[in-house]
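# Notes for the structure review
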Amino acid sequence: MLKRGFAGLVVLLGLCLPGAAGPLLDKANEAETALSAGEGTRAVLLMREALFEAWRAAPLTVETAIFVEAQADGYGIYTERADNVFAEGEPLRIYLEPVGFDWKQAEGFHTSLLTVDFDLTSPDGKVLAGQKGFGRFEFKSHVPNTEYMANLTLNVSGAEAGDYLLVLTINDEYSGSSARVQLPFVIK
């Protein structure tokens, strides 16, 4: 009896889903139609609109947070560090890709404002150093870009050899939301 009821529910949901598709699926269908009609640019623009809708609904997160060899030249243009072991006095270079932050419109532009706080902790969580507003990233564009990256450099000179945890808090100053990432590292 339970199996039959569950199977009926699955069939019912399957029949209901196309009617309750939502704006993302609607845009995808429009894009598919445009592409079939040879309107590739229109299809891309429609998919971009769908991406912006998903972006607005997504919580602030950090898709990528890694140690890098040198400052990245742009979104996705970085060389990831082979390990998380640093020589004494060597700066920590970090590459971040935040997702889901808010954009505001002003004077014909879309702007975003992210700040970054850091805490340097021992492996057991004891805060050894930290700073609020360590990084500030204000971005201004004609469109609400989704390929967004930030470079951070943190000097930990004077830190003794040992294991550490870098805790970064990325703050969206427009929405008030925050996301945290943790990057363990070693100083030799």
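Everything below is about the structure shown above.
Let me begin by describing the structure that accompanies this report. As the structure is a computational prediction, the values presented were derived from the model and not from experiment.

## Topic: the pattern of salt bridges
Inspection of the entire model under this criterion finds six salt bridges. Ionic pairing is found between Lys 27 and Glu 49, a salt bridge with its closest N-O pair at 2.6 Å. Residue Lys 27 is located in helix α2 (residues 23–36), and its partner Glu 49 is located in helix α3 (residues 40–57); the two are separated by 22 residues in the primary sequence. Look at Lys 27 and you get buried, because its relative accessible area is 17%. Classification of Glu 49 by relative accessible area gives partly exposed; the value is 36%. In this structure, a network of salt bridges that share partners links the residues Glu 30, Glu 39 and Arg 42.

## Quick word on the environment of Glu 53
With respect to the helices and strands, Glu 53 occurs in helix α3. Along the primary structure Glu 53 and Pro 23 are separated by 30 residues, whereas in three dimensions their C-alpha atoms are 8.1 Å apart. Dropping the residues within four chain positions of it, Glu 53 is found in contact with Pro 23 and Leu 24.

## Comments concerning the pairing of strand β7 (residues 150–154)
Each regular strand carries side chains that alternate between the two faces of the sheet. Taken across its five residues, β7 has four buried, putting it largely inside the fold. Note: strand β3 (residues 92–99) against β7, five bridges, orientation antiparallel. By the bridge assignment for β7, Arg 93 is matched with Thr 153.

Quick notes on the rules
- Residues numbered from 1 in each chain as written.
- Predicted model: local features only at pLDDT ≥ 70, side-chain atom pairs only at ≥ 80, totals over all residues.
- Heavy atoms only, no water.
- Salt bridge = Lys/Arg side-chain N within 4 Å of Asp/Glu carboxyl O.
- Helix = DSSP H or I, 4+ residues; strand = E, 2+ residues; numbered from the N terminus.
- Buried < 20%, exposed > 50% of the residue type's maximum accessible area, 1.4 Å probe, protein only.
- Contact = heavy atoms within 4.5 Å.
- Pairing = 2+ DSSP bridges.

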